[in-house]
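Chain residues, written in single-letter form:
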Amino acid sequence: MASRLDRSPVAIWWRTIDRWFLAAFLTLMGLGIVLSFAASPAVAERIGLDSFHFATRQIFFTLPALCVMLAVSFLEAREVRRMALIMLCIALVLMVAVLYVGVEVKGARRWVSFAGVSVQPSEFLKPAFVIVCAWLFAEHQRQPDIPGNLMAMGLLGVVLALLVAQPDLGQTMLSLGTWGVMFFMAGMPWLWIIVLGALGAGGALAAYTVFPHVAGRIDRFLTGEGDTFQVDMGREAVINGGWFGVGPGEGTVKRVIPDSHADFVFAVAGEEFGIIMCFLIMFLFAFIVLRGLNIALKEHDDFTRYAVAGLVVVFGLQSVINMGVNLQLLPAKGMTLPFISYGGSSQIAIAISMGMVLALTRKRPERRKSPGYPLAKHALAAE
Amino acid sequence: MMKLWRKRLSKAEASTASIVVDGARKATGGRTKNRVVMTMTVFFGIYATITGRLIYLGMLQPDESGGPATRVTASRPDIVDRNGEVLATDIKTLSLFAEPRRIVDADEVIEKLSTVLPDIDVEQTYKRLKSGAGFVWLKRQLSPRQQADIMQLGLPGIGFRTEKRRFYPGGPTAAHILGLTNIDNQGIAGMEKYIDDQGLADLQASGLADAKDLRPVRLSIDLRVQHIVRDEVAKALDKYQAIAAGAVVLNVKTGEVLAMASVPDFDPNNPYNALDKDHLNRMSAGVYEMGSTIKSFTTAMALDSGKVTLNSTFDATRPITIGRQTIRDFHGKGRVLSVPEVFIYSSNIGSAREADVVGIEGHREFLKRIGLLDRLQTELPEVARPTEPKVWKKVHSITISFGHGMSTTPLQTAVGAAALMNGGYLMNPTFLPRTEQDAMASAKQVVNTKTSQDMRYLYLLNAEKGSGKRAEVPGYRVGGKTGTAEKVVNGRYASNVRFNAFLAAFPMDDPQYVVLSIVDEPKPEKPGMPATAGLNAAPVVANIIRRSASFLGVKPEFGHESEATVASSYD
């Protein structure tokens, strides 16, 4: 424990950081590495790579992700906002670019290549989008004559349009859902909730009718007929593992799940380490989400409240959708499990988001006394 | 810049965004907190659901049974002949299956398996192993030796299942009667299919078909006679270089089929050729213009009408010309013939005139009554439907009177003949044991007893004096009618392509059995000899009767001339 007398940035950081969050994030990162050893060799061998190709890359990505997370956690709220605005601009530009120069994988253009590194801009868009929306909502709250809500809505429209164009329905749903939850918390009138809820349902219906693969997946989920191989396997892996798992490296069902290292890590964890492990992972996610929301509840500053809540809601929604699919509670939908699933872009992007959460939840005793305006004005002037 | 932008937007908003502004203005920290609490509650609920699902999955038992459940191959009852000899039984075999989901390396599996099973289809097996199915068969019905060898390979994801396989100790002896089962031991032909249709299939589907509880199915077949019949027709096939031959032995008093064979046939233990075109059961599933054997029915019809007696005569002096056709006699006598003469000389002209007596309608009605125009009702599924002219005209009645223009199955011809022999009672043939009482209960009288007696006389007479001499078996008083029908080749009757039949009964003083033999497209036994039914179909019947009569319980009577006893009553 650093002394109060120590005024170095690291010491201040250590005193003010939310250590529960930090511990949870580090645990998840560690589990991600452990589980990549369980889940990825089978996939790597299947596509003819070195057995530990994905595992080593997971470690390779975890290190910069850790650095990014810690670095971001040093930022002030104002700096977080500024960073988010810059990230949003870059991400939006890249998302337009990806439609033209993106690499097409399985009928979708989501990836853009920079000097040999593939980047998925939509992953970086999410935290930036959340922070900017939080700021817009907060501004509107503070000064109702500022059309923050309308601007947030406009931004949502742009983001959704770009995501649908890729198409990436998973991220679309996630962005829409998160925005909806934030707007809900920002005091959306019930009439709006009903209207937007209806629009959301209409959009889901439209997706069902427009995209055949969406319709197929939902039909298969509801009727249990057709090719439900992947989700069946996920469920079977968990059942096969039982409470205590079959032991590290002993899993058999994991060998036949196509995306065991990405979307189905949770099921693999269940097979090898048991349902106990699934509980542990789930409790970590639940802890982060509920703790984040609890902080938002006690927070006096609107921006911080919405930003933290928004970030943990994205994180939470992503985790529950992934687990739901793995456990056959939801129709098959490609959604990564934050920190755990393999994927460079998502790893770094999640690290940035959670870095922001850490940054925004640092103890600021002086701000609890006089919440709101001075700092917000200050921040506004800075833009 | 920012300020300008904000101003412009706020102006625009002032007019339209009253709802939003109103909502925002009312917003208090309290409301926001409520909403955060609501969000937390929802998330808590979702995570609770996932917890519940995990607990539920934890309660489920993983499938350790060695593969997903698929239907277990069905047990079938044994099939035995009328004396209890086994005709068909189940034996246990081992079948190799794989669970593709558990297969780690399909190439390795195929490579190693091919050391034990060299004939395995690599491409197909690879596809199956890659199919992602829960269960696929790799090779059915292996020997214990092969099983041991495969187990030695130590491959994961494959296993064995004990299966039932049908075994027919007699091989091809009764192939067409017993039929076949498929690889899942379900009846697909013959009596096997009949047994399934009688409820065994339902029993198997409900899993109640336990091998111990299944009582053997007893057939009316006598294995000894069946063996003789098949042996004789096989010999005939060879001897006369025919394309097919067949025979049936039918109990005239009960309608039971004692034996029935049609060659070429197949070995039900290895039925690779069972579906070949010429391997069908010609006795029940083939229809033929039976030729002169049908004159039995024409004569019986004329006698039964009451307008003709054995002493009636018909003018067979000149051929009958109708339309473009001219009806001639094969053994033409060129004179007036009595009814017995028409029969033993097999006069086409005489038969035509006999049919003329009852008229076209009467003719058709009689054939319908004796079952020659309808599909035969029996247990065997392979029964063909006879054919007749769409509209009966004079010419049809004339040609049908001597067995052309109408096609029937040999079996139903024999069944009709049984009715002529047994006192006039038509009974559906059966392949299951039946008592005389049961048979009579369902029989219907189609000709009167006097007609039946006359027909016995004519059959015996024909065998003694007419075309059936070669069917004589000392002591057994065989009577019968030959039929040498020209077959239609390219739309015309060809004089050298024939379908021969001999329809016989014995012993003629009280007929017990009808024996019908057919020889399809026989070649002359020696160059220059004719290939008529009397020379090939009749000896087949004679051989069958000679060899099987004692098994059939018919006592030979030597020492006095049977002709005298029978003939005297009609002279």
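Within an unreviewed UniProt entry, the label attached to chain B reads Cell division protein, and the organism entered is Pseudaminobacter soli. Taken verbatim from the UniProt record of chain B, the Subcellular location (unreviewed entry) comment is "Membrane".

The name that an unreviewed UniProt entry assigns to chain A is Probable peptidoglycan glycosyltransferase FtsW, with the source organism given as Pseudaminobacter soli. UniProt's Sequence similarities (unreviewed entry) comment on chain A is quoted here verbatim: "Belongs to the SEDS family. FtsW subfamily." Under Subcellular location (unreviewed entry), UniProt gives the following word-for-word description of chain A: "Cell membrane".

S.K.: I'd like to hear about the overall build of chain A, residue by residue, with values.
M.R.: Scanning chain A from terminus to terminus reveals 15 helices and three strands. Within chain A, the fraction of its 383 residues that count as buried is 56%. Taking as baseline every contact in chain A between residues at least 6 positions apart, the subset at least 24 positions apart corresponds to 72%. Approximately 15,500 Å² of chain A is accessible, and the part contributed by carbon and sulfur atoms is 69%.

S.K.: Can you explain the nonpolar core? Please cite residues and give values.
M.R.: Of all hydrophobic cores here, the largest spans 123 residues; its most connected members are Leu 293 of chain A together with Tyr 47 of chain B. Ranked by the residues each element gives to this core, the list is headed by helix α11 (residues 265-298) of chain A, at 19 residues. Filtering out sequence-adjacent residues up to four positions away, Leu 293 of chain A remains in contact with Met 185, Ala 309, Val 312 and Val 313 of chain A together with Val 36, Thr 39, Met 40 and Phe 43 of chain B. Listed in part, the 85 residues of the second largest apolar core include Ile 195, Leu 200, Met 260 and Leu 460 of chain B.

S.K.: I'd like to hear about unusual backbone geometry, residue by residue, with values.
M.R.: Residue and element names in this part refer to chain B. Cis geometry is found at the peptide bond from Val 263 to Pro 264, where omega equals 0°. Along the chain, the position of Pro 264 falls in the loop between β9 (257-263) and α10 (282-285). Cis peptide bonds are those with omega within 30 degrees of zero, and the linkage from Phe 506 to Pro 507 qualifies with -20°. When you line up the elements, Pro 507 lands in the loop between β17 (492-506) and β18 (513-520). Its identity is not glycine, yet Asn 490 carries a phi of approximately 50°, on the positive side. Looking at where Asn 490 falls in the secondary structure, it is placed in the loop between β16 (479-489) and β17. For Glu 521, which is not a glycine, the phi torsion comes out positive at approximately 50°. With respect to the helices, strands and loops of the structure, Glu 521 is situated in the loop between β18 and α18 (533-548).

S.K.: Break down the sheet that holds β9 of chain B for me, citing the residues and quoting the values.
M.R.: Hydrogen bonds between backbone groups are what pair the strands of a sheet, and the pairing can be parallel or antiparallel. Residues and elements named next belong to chain B. Taken together, the five strands give an open sheet; going across it, the order is β9-β8-β18-β17-β16, and neighbouring strands pair in antiparallel fashion. Two strands close off the open sheet at either side, each with one partner strand: β9 and β16. Between one strand axis and the next, the sheet turns through 15° on average, direction left out of account. Bridge count between strand β8 (residues 244-251) and β18: eight bridges; the pairing is antiparallel. Residue pairing in the sheet places Val 248 in a bridge with Leu 516 of β18. Helix α9 (residues 223-239) contacts β8 and β9 of the sheet and is inclined by roughly 25° relative to β9.

S.K.: Residue-level account of the confidence of the model for chain A, with values.
M.R.: Keep in mind that low pLDDT regions are not for reading the predicted coordinates in detail. All names here are of chain A. Within chain A, residue pLDDT values average 83, and 91% of them lie at 70 or more. Within chain A, α11 carries the highest mean pLDDT (91), whereas helix α15 (residues 373-382) carries the lowest (46). In this model, residues 368-383 is a region of pLDDT below 50 whose contacts with residues beyond four sequence positions or in other chains number 21 contacts.

S.K.: For the pairing of β18 of chain B, give the residues involved together with the corresponding values.
M.R.: All names here are of chain B. Most of β18 is tucked away: eight of the eight residues are buried. With burial as the criterion, each face of β18 is covered, one bearing Tyr 513, Val 515, Ser 517 and Val 519 and the other bearing Val 514, Leu 516, Ile 518 and Asp 520. With eight bridges connecting them, β17 and β18 associate as antiparallel partners. Directly across from Ala 505, in β18, lies its bridge partner Val 514. Linking β17 to β18, which pair antiparallel, is a turn of six residues.

S.K.: Let's hear about the interface of chain B and chain A: which residues, and what values?
M.R.: Contacts between the two partners involve 43 residues from chain B, matched on the other side by 54 residues from chain A. For the pair chain B and chain A, the two sides together bury roughly 4,500 Å², of which 75% comes from carbon and sulfur. Counting across the chain B and chain A interface gives zero salt bridges. Looking at the side of chain B that touches chain A, the elements with two or more residues in it are α1 (2-16), α2 (18-26) and α3 (29-59) of chain B. Residue contributions to the side of chain B that touches chain A peak at 22 residues, all from α3 of chain B.

S.K.: Quick one: what's the story with the environment of Gly 102 of chain A, residue by residue and with numbers?
M.R.: Residue and element names in this part refer to chain A. Mapped onto the fold, Gly 102 is located in the loop between α4 (77-101) and β1 (103-105). For Gly 102, a relative accessible area of 8% gives the class buried. Residues Gly 102 and Val 112, ten residues apart in the sequence, show an inter-C-alpha distance of 4.7 Å. Setting aside chain neighbours within four positions, we find Gly 102 in contact with Ala 97, Arg 109 and Trp 111.

S.K.: I'd like to hear about the sheet that holds β1 of chain A, residue by residue, with values.
M.R.: Residue and element names in this part refer to chain A. Read from one edge to the other, the open sheet built from three strands follows the order β1-β2-β3, with strand pairing classed as antiparallel. One side of each edge strand has no neighbouring strand; the edge strands of this open sheet are β1 and β3 (117-119). The mean inter-strand angle of the sheet, taken between neighbouring strand axes irrespective of direction, is 40°. Of the pairings in the sheet, the one linking strand β2 (residues 108-114) to β3 comprises three bridges and is antiparallel in character. Residue pairing for β3: Phe 114 is matched across the bridge by Val 117.

S.K.: Got a sec to walk through the UniProt feature "transmembrane region" (unreviewed entry) in chain B? Specific residues and values, please.
M.R.: Residues annotated by UniProt as "transmembrane region" (unreviewed entry) correspond here to residues 36-56 of chain B. Between the C-alpha atoms that bound residues 36-56 of chain B the distance is 30 Å, and the span itself is 100% helix and 0% strand.

S.K.: Break down helix α17 (residues 449-465) of chain B for me, with residues and values.
M.R.: Residues and elements named next belong to chain B. Under the 1.5 Å per step criterion, the end-to-end length of α17 is 24 Å for 17 residues, consistent within 8% with the ideal 24 Å. Within α17, twelve of the 17 residues are buried, leaving the element largely enclosed by the surrounding structure. Buried residues of α17: Thr 451, Ser 452, Asp 454, Met 455, Arg 456, Tyr 457, Leu 458, Tyr 459, Leu 460, Leu 461, Asn 462 and Ala 463, and no others.

S.K.: Hey, could you go over the packing of helix α4 (residues 106-116) of chain B against helix α5 (residues 122-129) of chain B for me, with residue numbers and the actual values?
M.R.: Residues and elements named next belong to chain B. The interhelical angle for the contact between α4 and α5, taken along N-to-C directions, is 140°, at an axis separation of 10 Å. Between α4 and α5, the angle falls in the class oblique. The crossing of α4 and α5 is right-handed. Contacts between α4 and α5 involve Ala 106, Asp 107, Val 109 and Ile 110 from the first element and Val 122, Thr 125, Tyr 126 and Leu 129 from the second. When its residues are assigned to classes, the contact of α4 with α5 shows six nonpolar, one polar and one charged.

S.K.: Which residues make up helix α14 (residues 394-401) of chain B, and what values do they have?
M.R.: Side chains that are three or four residues apart share a direction in an α-helix, a result of its 3.6 residues per turn. Taken together, the buried positions of α14 of chain B are Ser 397, Ile 398, Thr 399, Ile 400 and Ser 401 of chain B. Of the residues one or two after α14 of chain B, Gly 403 of chain B is the one with positive phi, at around 90°.

What counts, and where the lines are drawn
Residues numbered from 1 in each chain as written. Chains lettered and ligands numbered in written order. Predicted model: local features only at pLDDT ≥ 70, side-chain atom pairs only at ≥ 80, totals over all residues. Heavy atoms only, no water. UniProt positions renumbered as here; feature names shortened; annotations may be inferred. Helix = DSSP H or I, 4+ residues; strand = E, 2+ residues; numbered from the N terminus. Buried < 20%, exposed > 50% of the residue type's maximum accessible area, 1.4 Å probe, protein only. Contact = heavy atoms within 4.5 Å. Areas by Shrake-Rupley, 256 points an atom, 1.4 Å probe, with all protein chains shown as cover. Core = buried A, V, L, I, M, F, W, Y, C linked by side-chain atoms within 4.5 Å. Pairing = 2+ DSSP bridges. Axes fitted to C-alpha atoms, helices over the stretch in contact; angles between N-to-C directions. pLDDT = per-residue confidence, 0-100. Buried area = accessible area lost by both parts, 1.4 Å probe. Salt bridge = Lys/Arg side-chain N within 4 Å of Asp/Glu carboxyl O. Expected span 1.5 Å × (residues − 1). Parallel < 35°, antiparallel > 145°, perpendicular 65-115°, else oblique. Left-handed = near helix turned anticlockwise from the far one by under 90°. Nonpolar A, V, L, I, M, F, W, Y, C, P; charged D, E, K, R; others polar.

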